[in-house]
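Chain by chain, the residues run as shown.
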Amino acid sequence: MDNTTLESLEYGAVLAQLSARASTPYGREICDSLLPKSSLPEIEKGFKELREVVSILDLHGVLPLPAGEDIRPLLEETRLPGVYLEPEGFLLIKSALRALLSLGRADSESFRVSYPLTSAELKLLSDQSFLCAEMKRIFDDKGHIADRASTPLYTVRKELRGMRTRVRKLLGSFIKDDEKRTELQDDFFSIRDDRYVLAVKVGFHTRFKGIIHGRSSSGETYFIEPYEVVELNNSLSVLKRDERVEEARILRALTTELAKESEAIACDLLIAGRIDFSFARAALAKALDSVIPELSSGGSLGGGGIRLQGARHPLLILKERAGDFKAVPVEIHIDEGVKVLVISGANTGGKTVALKTLGLLTLMAQSGLCIPAREGARIVVFETVAADIGDRQGIDEELSTFSAHVKRTGEFLLAAEKGGLVLIDEIGVGTDPTEGGALALSLLETLARRGAVTVCTTHLNLLKAHASIDPDFMNASVIFDATTLEPSYDLSYGVPGPSLGLSIARSLGMPDALIKRAEEMIGEGEGAFIESVRILEEERDELRRTRDKLARLEEQRDLAIEKLRKEKVKIVERLKKSAEKDFDEARAEVKAIVTRLKEKERDTVLKRGTGTVEGRAAVTAIEGKRKGLLRDKREAKAGEEYIPKEGDRVEIEGSAALGIVERVLSDTKEVELKAGMIRMRLGWSKLKRISSKGAGKSSGVSVRASQKKKNKVEDNYTPDSGLELNIIGRRTEEAMPMVTRFLDDALTSGFDRVYIIHGRGTGALGRAVRESLSDNPSVASFCHAEQNEGGAGVTIVTFK
């Protein structure tokens, strides 16, 4: 990609935003030098790495990275002969090495399983624990060389401390001496020229025995080294020289050790930079609410073409976040087989923004960056991207606007041979419209013939008309209300757009007579074309209204279906209550019959002394039934009075959900139950104990085999339980039908609340779930879970 194209599409501004989100100088360096790639496998590998990092960021946060100053110049110094680093330099290096060691320790067994690509990078880190330990031993926390750095250093510093004590004690005796005190300016000693001295008043310096080392700026004080401490000061100087020599030897030896590992450390910093670069990409994706697009290779728009739903320009999004702008999404579609897209319509309608958005999002995708669009966005990977946007008048080259455009578009012919994407704003302007239109059409045909995909904006009717009849071309127009002259900043496909120059001129105060005269001067052919465009606009508006009406009807149909589902639940509940009532009545009737028969049998026995065989048999049979009912009732009652214990596997009444009892609250007759990732409190009467054999080996909440088999459908919908559905890792179009069926089943099962686990990721899946819930009439409310239950990665749904 040439610099002119990158500048025209504001690619550098996106890289600046990316670099601002990197935390290390090594990551920022990669961000600043990032260029689009044309290799599909390489781009896809970058997006796989990005998916891992997004997951790491959501679940673990940013990995430890060497975020301090760039230490690579210091590493280069270690390889210079005779040079050793100062303690300050070692302190920076120690901080970076400690961060690299922490980064390497993140590569645990579970991490390797969950994030294999990132783990492969971490495995390449060298082990610099020895150097870290050496620097920790040699330097204290402030970066000074510690006494423990070597035995000779410890010895000389011990002698230094003893010698200083002797000097200070001797000078103290001078200060305490009454005769000497009158000669001293201060009651404390000082240091001049690295030697201990006393501050002597002017007038007394001539008789004070010692060596003068200087005079104060006021001239009132002389700094004199008494003769009594000269030898001690000399000994201090020798010891200090020995200390410096030993410190230099220690630093030189450590520098030598560091030089041996400098190349390995430089490689480690590069690895850390690549990981930091991936985290910066993830942070930018979240800031722009972006998605990873589907990719296809080849400049001939294979694999379904380009499809960007809800595409927004990244810089406009950031302006919107700052409160300065409203970023309006645009739908950009270039179908498979189309070689030229001609965008027309009124000025200020958003043609150039759409052109820039397409170009910039293509460059971002080919650079491994997420793009601000809706889930399902599709991008074609081009060998080259070339753009001519804005006024390219070259004053220094003595080129007019037209000449500059012609020179620039001539360069596109070379790019076209490689199957590139060509973006041209206001093609054919700056000269006679007839000649400009003919030249523009010839250029577009040549680019298409050579294999390029071209998108251009124009006001030229020749190009609009040609795009209406040539199957390699497609018209698109910015949607603009001719009555209010308000743009919608969106595109309509299949018809060209009127320039509305006269309408805009009238709205800006041009006299009506002037406008009418201009309308009369429009040629018959031009007028007919404009009229045909107007008719097409009206037909397009009618089609849009029809589609809106159809959408409303579909919404009403969905509401009716939902109402039927609710009625079905109510009918089932009524039938259940009716059956229970019939059973109770039948039981009461049997009891009454048994009572009457027993009384009759007893009366017969009293009268005759014996009963009939048939009567006794009937009584025996009915009595057996009665006892069976009582036994069933006692067993049911015993089941209702189940007293749970910690660790019991239980079934939640009225559902197929299973859980494990974690805590029994005897005073309130409640338990704390763990069902999958959900913890809840339920009364004992809501639970039914299940045998360990029937529960299987799974822990937490589950659904019995019969329930799972019932709920399994062709779209791979298998809910994790009656209470929760996990859709992490699924695409939006795959996950949303699963969510709809899950909610229907939950309503049918009588649940009041369920959980949808979608993860955080780029946020697109969570937004789709929330949009679906907002339109669901059965949902009373929904919200994010608590942080310990998944936070923004889990949505809790409450039914009406």
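This one's a predicted model, so the numbers in the text were calculated from it and none came from an experiment.

This paragraph deals with unusual backbone geometry. We note that Asp194 has phi near 65°; this positive angle belongs to a residue other than glycine. By secondary structure assignment, the location of Asp194 is in the loop between strand S1 (184–192) and strand S2 (195–201).

This part takes up the packing of aromatic side chains. The final tally for this structure, using the stated rule, is four aromatic pairs. When the ring of Phe174 is compared with that of Phe208, the centres are 6.4 Å apart and the planes differ by 45°; the resulting orientation is tilted. Of this pair, Phe174 sits in helix H10 (residues 151–176) while Phe208 is found in the loop between S2 and strand S3 (210–215), placing the two residues 34 residues apart along the sequence. The exposure class of Phe174 is buried, given its relative accessible area of 9%. The lysine or arginine in question, Arg192, covers the ring of Phe223, its NZ or CZ lying 4.0 Å from the ring centre.

This part takes up the confidence of the model for the protein. Overall, the prediction assigns the protein a mean pLDDT of 81, with 80% of residues at 70 or greater. Averaged over each element, pLDDT in the protein is lowest for helix H23 (residues 705–711) (35) and highest for helix H3 (residues 25–32) (96). Confidence drops under pLDDT 50 across residues 392–399; counting only partners more than four residues distant or on other chains, this segment forms 13 contacts. Below a pLDDT of 50 lies the segment residues 608–612, which in the model reaches eight contacts outside its immediate sequence neighbourhood of four places, other chains included.

Of all hydrophobic cores here, the largest spans 121 residues; its most connected members are Leu18, Ile93, Leu308, Ile371 and Val455. Sorting elements by how many residues they give to this core places helix H12 (residues 230–288) first, with 19 residues. Once residues lying within four places of it in the same chain are set aside, the contact partners of Ile93 are Ile71, Leu74, Leu75, Leu85, Met135 and Leu258. Membership of the second largest hydrophobic core comes to 29 residues, among which are Met736, Ile756, Val779 and Val797.

Reading across the sheet, the four strands line up as S20-S21-S23-S22 and stay open at both edges, with mixed pairing between neighbours. This sheet does not close on itself; its edge strands, each paired only once, are strand S20 (724–726) and strand S22 (779–784). Across this sheet, the average inter-strand angle for adjacent strands is 20°, counted without regard to direction. Examined bridge by bridge, strand S21 (residues 753–757) and strand S23 (residues 794–799) share five bridges and lie antiparallel to one another. Residue Ile756 lies in a different strand from S23, and its bridge partner there is Thr795. Packed on one face of the sheet, helix H25 (residues 764–774) meets S21, S22 and S23 and runs near 160° to S22.

This next bit is on H10. A rise of 1.5 Å per residue sets the reference length of H10, with its 26 residues, at 38 Å; its end C-alpha atoms lie 38 Å apart and thus fit the reference within 8%. Tucked inside the fold, the buried residues of H10 contact helix H11 (178–181), S1, S2, strand S4 (221–226) and H12.

Pairing is antiparallel in the open sheet, where four strands are placed in the order S1-S2-S4-S3. Of all strands in the sheet, those bounded by a partner on one side alone are S1 and S3. Sheet twist, expressed as the mean angle between neighbouring strand axes with direction ignored, is 35°. In terms of strand pairing, S3 meets S4 through five bridges, oriented antiparallel.

This paragraph deals with the environment of Leu117. Along the chain, Leu117 falls in helix H8 (residues 116–123). Once you skip the residues sitting within four places of it in the chain, Leu117 turns out to touch Lys48, Glu49 and Glu52.

Counting buried residues in strand S8 (residues 340–344) gives five out of five residues, a clear majority hidden from the surface. Side-chain alternation along S8 places Val340, Val342 and Ser344 on one buried face and Leu341 and Ile343 on a second face that is also buried. Two strands pair when backbone bridges link them, and S8 and strand S12 (residues 453–457) are joined in this way by four bridges, in the parallel orientation. Its bridge partner lying in S12, Leu341 is registered against Val455.

About the criteria used
- Residues numbered from 1 in each chain as written.
- Predicted model: local features only at pLDDT ≥ 70, side-chain atom pairs only at ≥ 80, totals over all residues.
- Heavy atoms only, no water.
- Helix = DSSP H or I, 4+ residues; strand = E, 2+ residues; numbered from the N terminus.
- Phe/Tyr/Trp six-rings, centres within 6.5 Å; stacked < 30°, edge-to-face > 60°.
- Buried < 20%, exposed > 50% of the residue type's maximum accessible area, 1.4 Å probe, protein only.
- Lys NZ or Arg CZ within 6 Å of the ring centre and 35° of its normal.
- pLDDT = per-residue confidence, 0-100.
- Contact = heavy atoms within 4.5 Å.
- Core = buried A, V, L, I, M, F, W, Y, C linked by side-chain atoms within 4.5 Å.
- Pairing = 2+ DSSP bridges.
- Axes fitted to C-alpha atoms, helices over the stretch in contact; angles between N-to-C directions.
- Expected span 1.5 Å × (residues − 1).

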